[in-house]
Amino acid sequence: MENFIINTPSFASYLGFFSLSAYIITLLPTILRIVFPATKNTSIPKMLLKYRRQIGVISFVFGAGHGILLFMKRNFDVFDIESYVIYLQGIVILAIFTLLAVTSNDWSIKKLKKDWRKLHYLTYTLMFLLTWHISDKMFGHWSYLTPLGIIGSIGITVLFLIRKWIEYKKKKKLI
């Protein structure tokens, strides 16, 4: 029972939550267009799509701040392999976010061409990693942000899976 005591979120937790929120916003335009076709005619998906890369970079900045603050708070020992095992999720997530943020510009799109799109498919891997990360790391350290983060990450993952199912059904129908 003591695992479910509500804690006050730290500044690092707020940064993590803002990062997750911005990340979810980057996924919404395509999901809204496919899962909720009526939204095609509204300006929300168009606006989100127009600023998707900038919002993604903002998500990275919040996520990097989250990671740096926790890195400093927990006295991460770079020479201890155990530290890497404990923080593997966060390290992988930050590495993927870094790749996506560094290549979220017109120059990278021109240089990488088709590989840019392949690289940015890593964002969907992030969706699953973030759900695992939030659930694993926040278990027993709940704040009022925790259920919102879990609901947001699971919600966007379910919507993504529905999107993929709809795309599969449409493709299957065409064949």
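Residues numbered from 1 in each chain as written. Predicted model: local features only at pLDDT ≥ 70, side-chain atom pairs only at ≥ 80, totals over all residues. Heavy atoms only, no water.

Caption draft 1: Fine view of the overall build of the chain. Counting its regular elements, the chain contains nine helices and zero strands. Reading the chain from its N end, one meets helices and strands in the order α-α-α-α-α-α-α-α-α. Residues classed as buried in the chain amount to 36% of the 175 residues present. Accessible area of the chain: about 11,600 Å², with a carbon and sulfur share of 70%. Taking the average place of the 22 positive charges on the side chains of the chain and the average place of its 8 negative ones, the gap between the two points comes to 22 Å. (Helix = DSSP H or I, 4+ residues; strand = E, 2+ residues; numbered from the N terminus. Buried < 20%, exposed > 50% of the residue type's maximum accessible area, 1.4 Å probe, protein only. Areas by Shrake-Rupley, 256 points an atom, 1.4 Å probe, with all protein chains shown as cover. Lys, Arg positive; Asp, Glu negative; His and termini not counted. Charge placed at Lys NZ, Arg CZ, Asp CG, Glu CD.)

Caption draft 2: A look at the environment of M47. Tracing the backbone through its elements, the reader meets M47 in helix α2 (residues 43-50). The spatial distance from the C-alpha of M47 to the C-alpha of P29 is 8.6 Å, given a sequence separation of 18 residues.

Caption draft 3: Layout of a positive patch on the surface. Taken together, the side chains of R33, K40, K169, K170, K172 and K173 present a region of like positive charge at the surface. Considering every element that reaches the positive patch, the biggest residue donor is helix α9 (residues 145-174), with four residues. Topologically, K40 is positioned in the loop between α1 (11-35) and α2. Residue classification places K40 among the partly exposed positions, given a relative accessible area of 45%. (Patch = residues over 30% accessible without salt bridge, like charges linked within 9 Å, V, L, I, M, F, W, Y side chains within 5 Å. Salt bridge = Lys/Arg side-chain N within 4 Å of Asp/Glu carboxyl O.)

Caption draft 4: Geometry of the environment of M138. By the secondary structure assignment, M138 is in helix α8 (residues 122-138). A C-alpha to C-alpha distance of 9.8 Å links M138 and S13, two positions 125 residues apart in sequence. Sequence-distant contacts of M138, that is, excluding residues within four places in its chain, are made with H133 and T146. (Contact = heavy atoms within 4.5 Å.)

Caption draft 5: Broad picture of the packing of helix α5 (residues 88-102) against α8. At a minimum axis separation of 10 Å, α5 and α8 run at an interaxial angle of 150 degrees. For the element pair α5 / α8, the angle class is roughly antiparallel. For the crossing formed where α5 meets α8, the hand is left-handed. Judged by residue contacts, Q89, G90, V92, I93, I96, F97, L99 and L100 of α5 engage L122, T123, T125, L126, L129, L130, W132, H133, D136 and K137 from α8. The residue makeup of the contact of α5 with α8, split by class, is 11 nonpolar, five polar and two charged. (Axes fitted to C-alpha atoms, helices over the stretch in contact; angles between N-to-C directions. Parallel < 35°, antiparallel > 145°, perpendicular 65-115°, else oblique. Left-handed = near helix turned anticlockwise from the far one by under 90°. Nonpolar A, V, L, I, M, F, W, Y, C, P; charged D, E, K, R; others polar.)

Caption draft 6: Representation of the environment of S143 within the structure. Position of S143 relative to the elements: it lies in the loop between α8 and α9. Residue class for S143 comes out buried when judged on its relative accessible area of 3%. Sequence-wise, S143 and E82 are 61 residues apart; in three dimensions their C-alpha atoms are separated by 26 Å. Discounting residues that sit within four places of it in the chain, S143 has contacts with I6, N7, T8 and P9.

Caption draft 7: Quick peek at the pattern of salt bridges. A complete count under the given rule lists five salt bridges for this structure. Here D115 ties to K118 by a salt bridge, and the two come within 4.0 Å at their closest N and O atoms. Pair noted here: D115 and K118 are both in helix α7 (residues 114-120), with a separation of three residues, about one helical turn. Residue D115 is classed as partly exposed on the basis of its relative accessible area, which comes to 46%. Since its relative accessible area comes to 56%, K118 is described here as exposed.

Caption draft 8: A look at the packing of α1 against helix α3 (residues 52-73). Two numbers describe how α1 lies on α3: the axes approach to 8 Å, and their chain directions differ by 155 degrees. Overall, the two elements α1 and α3 adopt an arrangement that is roughly antiparallel. With respect to the hand of their crossing, α1 and α3 are arranged in left-handed fashion. Its residues assigned to classes, the contact of α1 with α3 shows 13 nonpolar, 10 polar and one charged.

All we've got here are geometric facts, nothing functional implied.
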